[in-house]
Amino acid sequence: MKLNSEQLRDLAVGAAFLGTGGGGNPYVGRVMVQQCLDEGLSVEIVDPKDIDDDMLVIPTAMMGAPTVLVEKIPSGQEAIFSLQRLERHLGRKAGATMPIEIGGINSTIPLLVGARLGLPIVDADGMGRAFPFLEMETFGVYGISGSPMAISDEYGDCALIEAVDNRQMEWLARAVAIRMGGCAYIAEYAMSGADVKRTAVPNTLTLAIRIGEVLRRARVEHRNPIDALLGFLPSTLYRYGRVIYAGKMIDVQRETKAGFAMGRARIEGLAPFSSVMEIEIQNENLVARVDGAVKAIVPDLICIMNTETAEPITSEDLRYGQRVTVLAVSVPEIMRTPEALKVFGPSCFGLKEPFTSIEEIG
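Described in the following lines is the structure provided in the data block.

Analysis parameters
Residues numbered from 1 in each chain as written. Predicted model: local features only at pLDDT ≥ 70, side-chain atom pairs only at ≥ 80, totals over all residues. Heavy atoms only, no water. Helix = DSSP H or I, 4+ residues; strand = E, 2+ residues; numbered from the N terminus. Expected span 1.5 Å × (residues − 1). Buried < 20%, exposed > 50% of the residue type's maximum accessible area, 1.4 Å probe, protein only. Arc of directions from axis to C-beta. Contact = heavy atoms within 4.5 Å. Pairing = 2+ DSSP bridges. Phe/Tyr/Trp six-rings, centres within 6.5 Å; stacked < 30°, edge-to-face > 60°. Salt bridge = Lys/Arg side-chain N within 4 Å of Asp/Glu carboxyl O. Axes fitted to C-alpha atoms, helices over the stretch in contact; angles between N-to-C directions. Lys, Arg positive; Asp, Glu negative; His and termini not counted.

1. A word on helix α7 (residues 166-179)
Part 1 of the reasoning: In this model, α7 (14 residues) spans 20 Å end to end at C-alpha, consistent with the 20 Å of a helix rising 1.5 Å per residue.
Part 2 of the reasoning: Turning to α7, its buried residues are N166, M169, E170, A173, R174 and A177. Mapping the buried residues of α7 onto a view down its axis gives an arc of 130°, with all of them on the same face. Facing away from the buried side of α7, by more than 90 degrees, are the exposed residues W171 and R179.
Part 3 of the reasoning: Each element contacted by the buried residues of α7 is listed here: β3 (60-64), α6 (138-141), β6 (149-152), β7 (158-161), β8 (183-187) and β12 (260-269).
Part 4 of the reasoning: Count one or two residues on from α7 and you reach G181, which has phi positive near 105°.

2. Some thoughts on the pairing of strand β11 (residues 241-257)
A regular strand places its side chains so that they alternate between the two faces of the sheet.
Part 1 of the reasoning: Note that β11 and strand β17 (residues 323-329) share seven bridges and pair antiparallel. Pairing of Y245 across the sheet is with V326, part of β17.
Part 2 of the reasoning: Pairing between β11 and β12: ten bridges, direction antiparallel. Note that in β12 the partner of R254 across the bridge is G263.

3. Side note on the packing of aromatic side chains
Part 1 of the reasoning: The full count for this structure, using the stated rule, is five aromatic pairs.
Part 2 of the reasoning: Seen in terms of ring centroids, F133 and F349 are 6.4 Å apart; in terms of plane orientation they differ by 45°. Their pairing is tilted. Here F349 lies in the loop between α11 (338-344) and α12 (358-361) and F133 lies in the loop between β5 (124-125) and α6, a separation of 216 residues in the sequence.
Part 3 of the reasoning: Residue F349 is classed as buried on the basis of its relative accessible area, which comes to 13%.
Part 4 of the reasoning: For the ring pair F139 and Y189, a centre distance of 5.5 Å and an interplane angle of 55° mean the geometry is tilted. One end of the pair, F139, is in helix α6; the other, Y189, is in the loop between β8 and β9 (191-192), and 50 residues separate them in sequence.
Part 5 of the reasoning: According to the relative accessible area criterion, F139 is buried, its value standing at 0%.
Part 6 of the reasoning: An aromatic cluster of three or more residues is present, and its members are F131, F133, F344 and F349.

4. A look at the pattern of salt bridges
Part 1 of the reasoning: One pass over the full model with this rule turns up 21 salt bridges.
Part 2 of the reasoning: Between E39 and R116 there is a salt bridge, and its shortest N-O distance comes to 2.6 Å. Of this pair, E39 sits in the loop between α2 (26-38) and β1 (45-46) while R116 sits in helix α5 (residues 109-117), and the two are 77 residues apart along the sequence.
Part 3 of the reasoning: By relative accessible area, which is 45% here, E39 ends up partly exposed.
Part 4 of the reasoning: Close ionic contact of R217 with E213 constitutes a salt bridge, the shortest N to O distance being 2.9 Å. With R217 and E213 both in helix α9 (residues 204-220) and four residues apart, this pair spans about one turn of that helix.
Part 5 of the reasoning: Residue class for E213 comes out buried when judged on its relative accessible area of 18%.
Part 6 of the reasoning: Among the charged side chains, a salt-bridge network with shared partners connects R239, D300, E333, R336 and E359.

5. Let's talk about the sheet that holds β6
Part 1 of the reasoning: Sheet architecture is open: four strands sit in the order β3-β8-β6-β7, paired in antiparallel fashion. Here the strands that pair on one side only, and so sit at the sheet edges, are β3 and β7. Averaged over all neighbouring strand pairs, the angle between strand axes comes to 30°, with direction disregarded.
Part 2 of the reasoning: Across four bridges, β6 lies against β7 in antiparallel orientation. Its bridge partner being in β7, I151 is matched across the sheet by A159.
Part 3 of the reasoning: The strands that α5 touches are β3 and β8; relative to β3, the one it contacts most, it runs at about 140°.

6. Thoughts on the side chain of T204
Part 1 of the reasoning: Relative to the helices and strands, T204 is located in helix α9.
Part 2 of the reasoning: Classification of T204 by relative accessible area gives buried; the value is 0%.
Part 3 of the reasoning: If we ignore the near neighbours within four places in the chain, the residues touching T204 are L18, I102, D123, A124, D125 and Y238.

7. Topic: the side chain of D123
Part 1 of the reasoning: On the secondary structure map, D123 appears in the loop between β4 (121-122) and β5.
Part 2 of the reasoning: Buried within the structure, D123 lacks any salt-bridge partner; its nearest side chain of opposite charge belongs to K49, at an N-O separation of 8.1 Å.
Part 3 of the reasoning: Setting aside its immediate chain neighbours within four residues, D123 contacts I45, V46, D47, P48, P202, N203, T204, L205 and T206.

Put into structure tokens, the structure is as follows:
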């Protein structure tokens, strides 16, 4: 599949939705990829089923606080530096790149790398959403080492990290990203095509495109975009979704701390909802509660959308007074196994509540 400009716009919207508030501003990445298309470069997305088992695939991404990205615009070369540095270290050329997560700018960074280097981009990722920590990958859950990894900034500085495990890799890389200004660009989880097929959440790039398309077409046809999206989800790996709240944003607390965007949002309910919903944020929306009762919790998606436009709202764009609708969406089963919940379930974020699926919460 050769990506065109309309699909790129749809992808940015769908990735912002799947990013559950995190992953970085998709607009920045979309503009950089559009520049590649305007230059006549090609963005080729390939199904994981169609790649060779022995192909070397090197995922690329941004890491750090999404709030920093608003002011610290990338040059577009950083992730390329990282991939090339990792290639030199491994002594092999990558046959493809891919996202580590499908949220926000990290859905587009691999597209930029692929276009500039002439590499295909595998239609899959390692989170099925966005998570704040590098070890929170289905790749790692099912046995892939994240390191060696390379991390670069806009000045051409590059560090190579070899860690004893994926959690230590995150800890070390986070310190480097902070030194690089709060966000940096990485290449990690180098793996074979066979490992991609075994460990990745498949077809999430094309899913993001379809989500953006569903929302866009519903607006054009004067249908309710959120209803259209909820009607589409059962045909995907994200089989279930529903509206869990709607109201007015009455408070947003947000700070950049230790390389993350930390905070909470409070939403005053509008009929038929009452009381106040509180959403805890660490780059992404982690848990939504009303009067202390959990309405959705990580790893299931908690997506805040503009009620009037049905545009997903990332954490750095939350503002007082916004009219919002909050959706909860189930994640693929590969992300709900006991092994997966040990890596990115609620306890991994310091939350006391156990994981309960949104189907069970009802």
